[in-house]
Amino acid sequence: MITLIGISGSLRRQSFNTALLRAAAGMMPQGATLQIADISAIPLYNADIESSEGIPPVVAQLKEQIAAANGLLLSTPEYNNAMSGVLKNTIDWLSRPATDIPAVFGGRAVAVMGASPGPFGTLLAQNAWLPVLRTLRTRPWFEGRLIVSRAGAVFSDSGDLVDEKTRGQLQQFVNGFVQFASEARTVTG
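Here we summarise the structure given alongside this text. (Residues numbered from 1 in each chain as written. Predicted model: local features only at pLDDT ≥ 70, side-chain atom pairs only at ≥ 80, totals over all residues. Heavy atoms only, no water.)

**Regarding the overall build of the protein chain**
The line we're drawing: Elements are defined by DSSP. Helices are runs of H or I of four residues or more, strands are runs of E of two residues or more, and each kind is numbered from the N terminus. Radius of gyration means the value over C-alpha atoms here, while the globule rule gives 2.2 Å times the residue count to the 0.38 power. The cut-offs for exposure are 20% and 50% of the maximum accessible area for each residue type, with area from a 1.4 Å probe on protein chains only; residues under the lower value are buried, those over the upper are exposed, and the others partly exposed. In these tables, accessible area is a Shrake-Rupley quantity obtained with a 1.4 Å probe, and a residue counts as shielded only by the protein chains included in the view. The charge count treats Lys and Arg as positive and Asp and Glu as negative. His and the chain ends do not count. For this purpose, a charge sits on NZ of Lys, CZ of Arg, CG of Asp or CD of Glu.
Within the protein chain, the regular secondary structure consists of seven helices and six strands. N-terminal to C-terminal, the α/β element order of the protein chain is β-α-β-α-α-β-α-α-β-α-β-β-α. Over its C-alpha atoms the protein chain spans a radius of gyration of 16 Å, differing by no more than 12% from the 16 Å that the globule rule assigns to 189 residues. Here the C-alpha coordinates of the protein chain stretch approximately 50 × 35 × 25 Å along the principal axes. Sorting the 189 residues of the protein chain into buried and exposed places 49% on the buried side. Looking at the protein chain as shown, the accessible area adds up to about 9200 Å², and 51% of this sits on carbon and sulfur atoms. For the protein chain, the distance from the average position of its 15 positive side-chain charges to the average position of its 14 negative side-chain charges is 6 Å.

**Remarks on the layout of surface pockets**
Heads up, the rule is: Put simply, the grid is 1 Å and covers the protein atoms alone, a cavity is a trapped set of points that fit a 1.4 Å probe, a pocket is an open set with protein on both sides within 12 Å along at least five of seven lines, and lining residues have an atom within 4 Å of a point. Grid points are joined across faces, edges and corners, and a volume is the space filled by probe spheres set on the points.
Taken as a whole, the largest pocket encloses approximately 160 Å³ of empty space. Lining the largest pocket, in full, are Val110, Ala111, Val112, Gln126, Leu130, Leu133, Pro140, Trp141, Phe142, Gly144, Arg145 and Phe173.

**Looking at the nonpolar core**
Quick reminder of the rule: Among buried residues, the Ala, Val, Leu, Ile, Met, Phe, Trp, Tyr and Cys ones that are joined through side-chain atoms within 4.5 Å form a nonpolar core. The contact criterion used throughout is that any non-hydrogen atoms of two residues lie within 4.5 Å.
The biggest cluster of nonpolar side chains holds 32 residues, and the ones touching the most others in it are Leu4, Leu20, Leu73, Met113, Phe155, Leu170 and Phe177. Sorting the residues of this core by element identifies strand 1 (2-8), helix 1 (16-26), strand 2 (32-37), strand 4 (109-115), strand 6 (146-148) and helix 7 (164-183) as the ones contributing at least two each. Residues contacting leucine 170, with those up to four places away along its chain left out, are Leu20, Ala23, Ala24, Met27, Met113, Leu146 and Leu161. Counting 25 residues, the second-largest nonpolar core is a separate cluster that includes Ala69, Leu74, Met83 and Val132.

**Topic: unusual backbone geometry**
At the junction of arginine 96 and proline 97, the peptide bond is cis and its omega measures out at -15° in the coordinates. Tracing the backbone through its elements, the reader meets proline 97 in the loop between helix 4 (85-94) and helix 5 (101-104). Even without being glycine, arginine 137 reaches a positive phi, approximately 60°. Relative to the elements of secondary structure, arginine 137 occurs in the loop between helix 6 (123-135) and strand 5 (139-140). Judged by its relative accessible area of 66%, arginine 137 falls in the exposed class. In this model, arginine 150 sits at a positive phi of 50°, which is unusual for a non-glycine residue.

**Overview of the side chain of arginine 108**
For the record, the criterion: Pairs of N or O atoms are called polar contacts if they sit within 3.5 Å, as long as, within protein, a hydrogen donor faces a hydrogen acceptor (for residues adjacent in sequence, only side-chain-to-side-chain pairs).
Of note, arginine 108 is situated in the loop between helix 5 and strand 4. Looking at arginine 108, its side chain comes within polar contact range of the main-chain oxygen of valine 104, at 3.0 Å.

**Overview of the packing of helix 3 (residues 57-68) against helix 4**
Using the following cut-off: The axes are straight lines fitted to the C-alpha atoms, using for helices just the contacting stretch, and the angles between their N-to-C directions are given from 0 to 180°. Any angle that is under 35 degrees is reported as roughly parallel, and any over 145 degrees as roughly antiparallel; angles of 65 to 115 degrees are reported as roughly perpendicular and all others as oblique. Classification convention: Asp, Glu, Lys, Arg as charged; Ala, Val, Leu, Ile, Met, Phe, Trp, Tyr, Cys, Pro as nonpolar; all other residues, Gly among them, as polar.
It is the contact of helix 3 with helix 4, at a shortest axis distance of 10 Å, that shows an interaxial angle of 80°. It follows that helix 3 is roughly perpendicular to helix 4 by the angle criterion. The residues of helix 4 that touch helix 3, namely those facing Val59, Leu62, Lys63 and Ile66, are Thr90, Trp93 and Leu94. The class makeup of the residues in the contact of helix 3 with helix 4 is five nonpolar, one polar and one charged.

The structure is reproduced here in structure tokens:
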């Protein structure tokens, strides 16, 4: 069984990126699952909190899920030509303490996709993730890129992916990433 953890970089209830993850979860090939993590309870990273209280339980649980998974799928919005703060904050917490980075991220298959109401999608946000993923020593998947632009026309008001061309692109993306994650070396702590 191939298990992927999906994280949306938006906390908005009607988030296009969360809807994109839900659509991906529904397209997983046989023998693979995508578990969507909820990051809404993760506090802002503060080293004082880390040193006085330790890693918040919600972060510790997500770290365990990722460490046990074959891969990580980030669905990133693009805010001001870069990644969202809440998703970067989540990754910052997940990388603490630094001694846990190899178990959580080292060699982990990672793919980045995103949806935006704008005409250029999330190209710049996806590119902004590359140095972060390199620093954490992940294995980014570069064979496919999924950039959903004009997302308001691609999703219904209830968050269903209704555009057939995008559905086909997402299916191809999911299949490719699952194959990559099944072959990638996953480092465990």
